[in-house]
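Read off the chains here:
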Amino acid sequence: MPQSKHRAFLKWAGGKYNLIERINKELPKASVLVEPFVGAGSVFLNTDFESYHLNDINEDLINLYKILQTDSQSYIAEAERYFTPEYNQEKVYYQLRDQFNHSIDVFQRAVLFLYLNRHGYNGLCRYNLSGKFNVPFGRYKAPYFPRKEIVLFAQKSARATFSCLPFQQVMLQAPADSAIYCDPPYAPVSETAYFTSYAKQGFSLALQEELAQLATELSQNNERFVLISNHDTPFTRDIYKSAKLRKLSVARFISRKGDERKKVAELLAVYSPARKVLR
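Read on for a plain summary of the structure. What you are looking at is a predicted structure, and each value in this text was computed from that prediction instead of being measured. (Residues numbered from 1 in each chain as written. Predicted model: local features only at pLDDT ≥ 70, side-chain atom pairs only at ≥ 80, totals over all residues. Heavy atoms only, no water.)

### As for the packing of helix 3 (residues 59-80) against helix 6 (residues 147-156)
Remark: helix 3 packs on helix 6, axes separated minimally by 9 Å, with the N-to-C direction vectors making an angle of 160°. It follows from the interaxial angle that helix 3 and helix 6 lie roughly antiparallel. The crossing of helix 3 and helix 6 is left-handed. Touching Y65, L68, S72, Y75, I76 and E80 of helix 3 are R147, I150, V151, F153 and A154, all from helix 6. When its residues are assigned to classes, the contact of helix 3 with helix 6 shows eight nonpolar, one polar and two charged. (Axes fitted to C-alpha atoms, helices over the stretch in contact; angles between N-to-C directions. Helix = DSSP H or I, 4+ residues; strand = E, 2+ residues; numbered from the N terminus. Parallel < 35°, antiparallel > 145°, perpendicular 65-115°, else oblique. Left-handed = near helix turned anticlockwise from the far one by under 90°. Contact = heavy atoms within 4.5 Å. Nonpolar A, V, L, I, M, F, W, Y, C, P; charged D, E, K, R; others polar.)

### Here we look at the pairing of strand 5 (residues 225-231)
Of all seven residues in strand 5, seven are buried, a share of seventy percent or more. Of the pairings in the sheet, the one linking strand 4 (residues 178-182) to strand 5 comprises four bridges and is parallel in character. Each residue of the ladder has a partner; that of Y181, found in strand 5, is L227. (Buried < 20%, exposed > 50% of the residue type's maximum accessible area, 1.4 Å probe, protein only. Pairing = 2+ DSSP bridges.)

### A word on the side chain of K16
Structurally, K16 is set in the segment before helix 1 (20-26). Of the residues examined, K16 reaches a relative accessible area of 3% and is grouped as buried.

### Here's the deal with the nonpolar core
Counting residues in each nonpolar core, the largest one holds 60 residues, and the members touching the most others are F9, L10, L64, Y65, Y75, F113 and L114. Ranked by residues supplied to this core, first place goes to helix 3 with nine residues. Apart from the residues within four sequence positions on either side, F9 is in contact with L64, Y65, L68, L114, R118, P146, E149, I150 and F153. F167, A174, L211 and I228 belong to the second-largest nonpolar core, a separate cluster that totals 21 residues. (Core = buried A, V, L, I, M, F, W, Y, C linked by side-chain atoms within 4.5 Å.)

Next up, the structure:
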């Protein structure tokens, strides 16, 4: 693991910055780290594998990463101009959100994606069923432009291959010398829990079960190491019953209403093949 921890340049619900040490402790020695749900990339930024396959179903996210991999200087120059007081206004925010939702220009969408991420409410990434970004204005005094974090990501992306594919395809194609880390959209903490859709497709309970089953099959039949993070609930403990479970001390606050927030514990489900080599 790198000597110092690095923050992602995107604000991201469920980001793994605070759990890096625990995740690194579980990851085995491997040449490639495969992340079917890369999100903001905290694990990528805070591990040291020879190469990475970083995937996400969010096309805007992956297009942004690909641009940083090839032309980060142009991206930084264009994105930074939106981080001034004139753009930190509610009316302007909704105008730019509408522009983002109607744009088909990949570079423009990537620039506005960062603007919306840093100026929108609570750093949420949420789309409606029509695929339109619908996070409201965040009302922050002076949103931070993450120049140094972008530069770091762009530099390290030289080791990465990016894709926007179903998680099943990415996991099944993982090479023999790889470790797989899965950070899916978390399972609900209750039947009435409030959730946002970070991609218009959503992530159902059936997909949670399919992910767990695939992890079991890959570890048992293909000798792949798979690590999954999720909420610690009766449902997740059941679907991960064939894995070794690690309960995490870090907890998140989950609720729509601030005065009703409760801590929710998390799990790491470790699927180790028989020939696992410890890091």
